[in-house]
Amino acid sequence: MDVALSERDKMLSGAPYDPGCPELVEMRRRAQSLMRAYNQTIDGDAARADLLTALLGTWGSAVIRAPFHADYGKHIHFSPGVFVNFNCVILDVCEVRIGSRTQIGPNVQILTADHPRDAESRALGAEWGKPISIGDDVWIGGGAILLPGITVGDGAIIAAGSVVTRDVAAGATVGGNPARVLQARQG
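In short, a report on the structure.

Parameters and conventions
- Residues numbered from 1 in each chain as written.
- Predicted model: local features only at pLDDT ≥ 70, side-chain atom pairs only at ≥ 80, totals over all residues.
- Heavy atoms only, no water.
- Pairing = 2+ DSSP bridges.
- Helix = DSSP H or I, 4+ residues; strand = E, 2+ residues; numbered from the N terminus.
- Buried < 20%, exposed > 50% of the residue type's maximum accessible area, 1.4 Å probe, protein only.
- Polar contact = N/O pair within 3.5 Å; in protein donor to acceptor, adjacent residues only side chain to side chain.
- Salt bridge = Lys/Arg side-chain N within 4 Å of Asp/Glu carboxyl O.

### Overview of the sheet that holds strand β11 (residues 132–134)
For step 1, the next point in the chain: Judged by pairing direction, the sheet is parallel, and its four strands sit side by side in the order β3-β6-β11-β14 without closing on themselves. The open sheet has two edge strands, β3 (76–78) and β14 (151–152), and neither has a second partner.
For step 2, the next point in the chain: Inspection of the sheet shows strand β6 (residues 96–98) paired to β11 by three bridges, in the parallel sense. Counted as the bridge partner of arginine 97 is serine 133 from β11.

### A word on the pairing of strand β5 (residues 88–91)
For step 1, the next point in the chain: Burial along β5 is one-sided: the residues Cys88 and Ile90 are buried and none of Val89 and Leu91 is.
For step 2, the next point in the chain: As paired elements, strand β2 (residues 68–70) and β5 share three bridges and run parallel to each other. Directly across from phenylalanine 68, in β5, lies its bridge partner cysteine 88.
For step 3, the next point in the chain: Where β5 lies against strand β8 (residues 109–111), three bridges are found, and the strand directions are parallel. When the bridges of β8 are listed, isoleucine 90 appears paired with isoleucine 110.

### What to know about the environment of serine 13
For step 1, the next point in the chain: Checked against the element boundaries, serine 13 lands in helix α1 (residues 7–13).
For step 2, the next point in the chain: Along the sequence, serine 13 and isoleucine 104 sit 91 residues apart, while their C-alpha atoms lie 26 Å from each other.
For step 3, the next point in the chain: From its side chain, serine 13 meets the backbone oxygen of lysine 10 in a polar contact 2.9 Å long.

### Points about unusual backbone geometry
For step 1, the next point in the chain: In the segment running from alanine 66 into proline 67, the intervening peptide bond is cis, with an omega of 5°.
For step 2, the next point in the chain: Along the polypeptide, proline 67 turns up in the loop between β1 (63–64) and β2.
For step 3, the next point in the chain: Here the bond from asparagine 177 into proline 178 is cis, since omega is -5°, no more than 30 degrees from zero.
For step 4, the next point in the chain: Relative to the helices and strands, proline 178 is located in the loop between β17 (173–175) and β18 (180–183).
For step 5, the next point in the chain: The backbone of asparagine 87 sits at a positive phi, close to 65°, despite the residue not being glycine.
For step 6, the next point in the chain: Positionally, asparagine 87 belongs in the loop between β4 (83–84) and β5.
For step 7, the next point in the chain: Using a relative accessible area of 30% as the deciding quantity, one classes asparagine 87 as partly exposed.
For step 8, the next point in the chain: A positive phi angle is found at asparagine 107, which is not glycine, with a value near 60°.
For step 9, the next point in the chain: Its place among the elements puts asparagine 107 in the loop between β7 (103–104) and β8.

### Describing the pattern of salt bridges
For step 1, the next point in the chain: Inspection of every chain in the model, using the stated rule, returns five salt bridges.
For step 2, the next point in the chain: A salt bridge links aspartate 43 to arginine 48, with the nearest nitrogen and oxygen atoms 2.9 Å apart.
For step 3, the next point in the chain: Across the salt bridge formed by arginine 117 and aspartate 114, the nearest N and O atoms sit 2.8 Å from each other.
For step 4, the next point in the chain: Relative accessible area serves as the criterion here: at 64%, arginine 117 is assigned to the exposed category.
For step 5, the next point in the chain: On the accessibility criterion, aspartate 114 (11% relative accessible area) is buried.

Shown next, in the form of structure tokens:
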């Protein structure tokens with residue numbers, strides 16, 4: 001017996017899905033409400049912990065400077081010791097996992113959402129995504145953009161303004177558009 005997948009299940013699996021289905025619309029509205037409340041707070045506000053716990057899949061006591069923006073929030077998982085600077089955007093149509101002690105600069109975009117390359121399919125509203133995984137002790141410079149399906153290894157550095165279109169090896173330093181290896185791990 002085949003069981004039909006929900007649009008959310010399709011989305012999380014990377015299959016094409018309908019972003020206008022009621023469940024996903026409601027999830028985005030909930031996330032927007034929580035982000036609006038969070039983005040009105042300042043450092044030290046007691047409400048911050050409760051808002052991030054309600055918004056995120058795993059908060060991990062990350063320090064997240066407002067404003068912070070996400071599609072759903074529930075698909076974002078922060079490990080302990082993560083720092084996120086101002087104006088981070090995470091489009092979490094698929095899971096985003098961020099390792100311990102990772103530091104994310106201002107205006108960074110982490111984008112799991114993807115769309116067709118041909119105009120006819122885009123006009124039909126097709127959408128899907130690919131998960132992103134960021135290891136421990138990674139440094140992501142300001143204004144960097146990580147595209148769908150990227151894996152960043154432990155200890156990697158992504159230079160400011162880089163557009164990461166492919167995986168980054170552990171310990172590597174990448175930069176540019178598209179990002180290329182500037183320095184590989186020594187030893």
